[in-house]
Amino acid sequence: MRFTIATVAIGIAGLTIGVAAPAFAQSAPPVDPVQVLVGRLDFEKYKATVKGLTQFGDRRQGTDRNRAANDWIEAQLKSYGCPTDRIKYDYQPNPPAAAGGARGGGGRGASPTAQGGGRPRGIRTPTGVNTDPMKQPDEKLRALNMQPTTPGPRELVYCTKVGTTHPEEMYIVGAHMDGHGWGEAANDDGSGTALVMELARVFSQPDVQTERTIRFALWNNEETGTQGARAYIAQRQDQQGKENPAGSGKYPEPKWLGMIQHDMMMFDHGMPRADGTISPEQRPEADVNIEFQVSSKMAAESQKLAWVLEVANEKYATDYPASVGSHMTNTDSGPFMDIIPAVSVRENERGVHIGSGWDPQWHQPTDVFATYSDKDFRLGLNAAQTTLGAVGGLTGATLKGVGVRD
Ligand SMILES: [Zn+2]
């Protein structure tokens, strides 16, 4: 697929230039460079990147395994040719009582409203975070996850593709790299982290240009309340769009045009059955769920961004469609949603689906690489195709020597 499109495109361009370069726009069918980029995503590479992340267990924040995962992520991004940097901050957890309240189960009991809004319907099963090491049957993995978290300094890694004509403006493409629950955090959120890393790989290839900048951010401390994303905003919001040094053409913090977050990308097996079990197979009607938050200050702009992703899915995703919903919640796009257009991309809606027990691996010891089938990984790849297509269009991606835009 990847080879065919690239080869054909190069063939057409080479032939036309050889015969009569000025007539190219009229005589050759236009090549969509974004389609070529989407074709450079690779199913096996996506799976391998998820697998690579799972070598660090659940990557819980404030542990050596979390720090080792950050180092590994940064090394991969550098090897793709995407220049990296880090945000440093300090994390001091709230006293246990307050922390429990902050993430507590909204939408339970008498309330008919899910977290983020929306009405849970149908069969619901209990959800929660596993804190019992003995629930992890794999002794090696249990040992890997044993070191407890300690308060203190934290870091998160990002890398940046600088725009050619508008380096001062950027889209942020994010996922959280931390997890918990005594598994491998393969789906939550190895699946989103791998997606962002794959996009960084494709956009960083030497023949790819974008008019605007793209930042690929791997947030830490999402599971404790999005403290990594909040630290980024606190440190960088006021730096947006400033050229530094003056006259250099460099913009360390381009103006934020939008934030697209990826959190749990692979498992859409449907609602729990009456007996509380879940289908072992990806449901044939699985979809990519793009959510904005209708109660946010930037709701109108965020909705517009959500539909850009939906259109990109129609155009570029090979297997699974996308749906737009209005109840984005509980992920790193939340801290951005009153500031800039912000959406999340997921396997299901976070509030009414995942919050009702549609993903039995969620924060459990079963969230390991071996749990998932190729159909699950393929949903993640389709989300990658969706976001790559959208961001390629939004940032004016072109390929040197291949095709033309329009
Ligand atoms: Zn998550």
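Summarised in this report is the structure supplied together with it. Just so you know, the residues in each chain are numbered from 1, in the order the chain's sequence is written. This being a predicted model, a pLDDT of at least 70 is required before a residue's local features are given, and a value of 80 or more before pairs of side-chain atoms are given or counted; all residues contribute to the totals for chains, interfaces and linings. Hydrogens are left out, water is left out, and the side-chain values use all remaining heavy atoms of the structure.

1. Describing the overall build of the chain
So, point 1. Summing up its helical and strand segments, the chain has 11 helices and 10 strands in all.
So, point 2. Whether a residue is buried, partly exposed or exposed follows from its accessible area with a 1.4 Å probe, protein chains only, as a fraction of its type maximum: under 20%, in between, or over 50%, in that order. By the burial criterion, 56% of the 406 residues in the chain qualify as buried.
So, point 3. The contacts in the chain between residues at least 6 apart in sequence include a share of 80% that link residues at least 24 apart.
So, point 4. Methods summary: accessible areas were calculated by the Shrake-Rupley approach with a probe of 1.4 Å, and residue burial reflects only the protein chains presented. Counting every atom, the chain has about 16,800 Å² of accessible surface; 56% of that belongs to carbon and sulfur. Here a helix means four or more residues in a row that DSSP labels H or I, a strand means two or more in a row labelled E, and each is numbered from the N terminus. Contacts were defined at the residue level, with two residues in contact if any of their heavy atoms lie within 4.5 Å.

2. Notes on the coordination of the zinc ion
As a benchmark, a tetrahedral metal site with four donors has ideal angles of 109.5 degrees, while an octahedral site with six donors has ideal angles of 90 or 180 degrees.
So, point 1. Here a donor is an N, O or S atom found within 2.8 Å of the metal, or within 3.2 Å if the metal is Na, K or Ca; sites may look incomplete because water is not among the atoms. The protein atoms that coordinate the zinc ion are His176 (NE2), Asp188 (OD), Asp263 (OD) and Asp263 (OD), at distances of 2.0 to 2.7 Å.
So, point 2. Irregular is the label for any site that misses the other tests, which are tetrahedral for four donors with all angles between 85 and 135 degrees, and square planar for four donors or octahedral for six when opposite donors exceed 155 degrees and the remaining angles lie between 65 and 115. Around the zinc ion sit four donor atoms, and with donor-metal-donor angles ranging over 53 to 151° the site reads as irregular.
So, point 3. Read from N- to C-terminus, the donor residues coordinating the zinc ion fall into the pattern H-x11-D-x74-D. Placement of the pair is histidine 176 in strand S3 (residues 166-176) and aspartate 188 in helix H8 (residues 186-203), with a sequence separation of 12 residues.
So, point 4. Taking the relative accessible area as the measure of exposure, histidine 176 reaches 0% and is therefore buried.
So, point 5. What makes aspartate 188 buried here is its relative accessible area of 4%.

3. Observations regarding helix H5 (residues 64-79)
So, point 1. By definition here, a helix of n residues has an expected span of 1.5 Å times n minus one. Here H5 is 16 residues long and its end C-alpha atoms lie 23 Å apart, about the 22 Å a rise of 1.5 Å per residue gives.
So, point 2. Taken as a whole, H5 has its buried residues at Arg65, Asn66, Ala69, Asn70, Trp72, Ile73, Glu74 and Leu77.
So, point 3. For H5, the elements touching its buried residues are helix H4 (43-54), strand S1 (84-91), helix H7 (139-144), strand S2 (152-161), H8 and strand S5 (212-219).
So, point 4. Just downstream of H5 lies glycine 81, where phi reads positive at about 85°.

4. Overview of the state of the cysteines
So, point 1. When the sulfur atoms of two cysteines come within 2.5 Å, that pair is taken as a disulfide. Applying the stated criterion to the full structure yields one disulfide.
So, point 2. Between the sulfur atoms of cysteine 82 and its disulfide mate cysteine 159 the distance is 2.2 Å. What sets the handedness of the cysteine 82 and cysteine 159 disulfide is the S-S torsion sign, and at about 90° it is right-handed. In this pair, cysteine 82 sits in the loop between H5 and S1 while cysteine 159 sits in strand S2, placing the two residues 77 residues apart along the sequence.

5. With respect to the side chain of aspartate 189
So, point 1. Its place among the elements puts aspartate 189 in helix H8.
So, point 2. For the buried residue aspartate 189, which engages in no salt bridge, the nearest side chain bearing the opposite charge is arginine 59, 7.1 Å off.
So, point 3. Setting aside chain neighbours within four positions, we find aspartate 189 in contact with Arg59, Ala175, His176, Asp178, His262, Asp263 and Met264. His is not counted here, nor are the chain ends, while Lys and Arg score as positive and Asp and Glu score as negative. A pairing counts as a salt bridge when a side-chain nitrogen of Lys or Arg comes within 4 Å of a carboxyl oxygen of Asp or Glu.

6. Observations regarding the nonpolar core
So, point 1. Counting 65 residues, the largest nonpolar core has Tyr46, Leu77, Leu199, Phe203 and Phe216 as the members making the most contacts within it.
So, point 2. Top contributing element to this core by residue count: H8, with nine residues.
So, point 3. When residues no more than four places from it in sequence are discounted, the contact partners of phenylalanine 216 are Cys82, Val157, Tyr158, Cys159, Lys161, Val173, Val196, Leu199, Ala200 and Phe203. As used in this record, nonpolar core signifies buried Ala, Val, Leu, Ile, Met, Phe, Trp, Tyr and Cys residues forming a set joined through side-chain atoms within 4.5 Å.

7. Topic: the pattern of salt bridges
So, point 1. What the rule picks out here adds up to 15 salt bridges.
So, point 2. In this structure, arginine 67 engages aspartate 64 in a salt bridge whose closest nitrogen and oxygen atoms are separated by 2.9 Å. Placement of the pair is arginine 67 and aspartate 64 together in helix H5, with a separation of three residues, close to one helical turn.
So, point 3. Judged by relative accessible area, arginine 67 falls into the partly exposed class, the value being 38%.
So, point 4. For aspartate 64, a relative accessible area of 46% translates into the label partly exposed.
So, point 5. Between arginine 236 and glutamate 253 there is a salt bridge whose closest N-O contact spans 2.7 Å. Separated by 17 residues along the polypeptide, arginine 236 in helix H9 (residues 227-236) and glutamate 253 in the loop between H9 and strand S6 (255-262) bring together distant segments of the chain. We note that arginine 236, like glutamate 253, is buried.
So, point 6. Salt bridges here are not isolated pairs; linked through shared partners, they connect Asp71, Glu74, Arg86 and Glu155.

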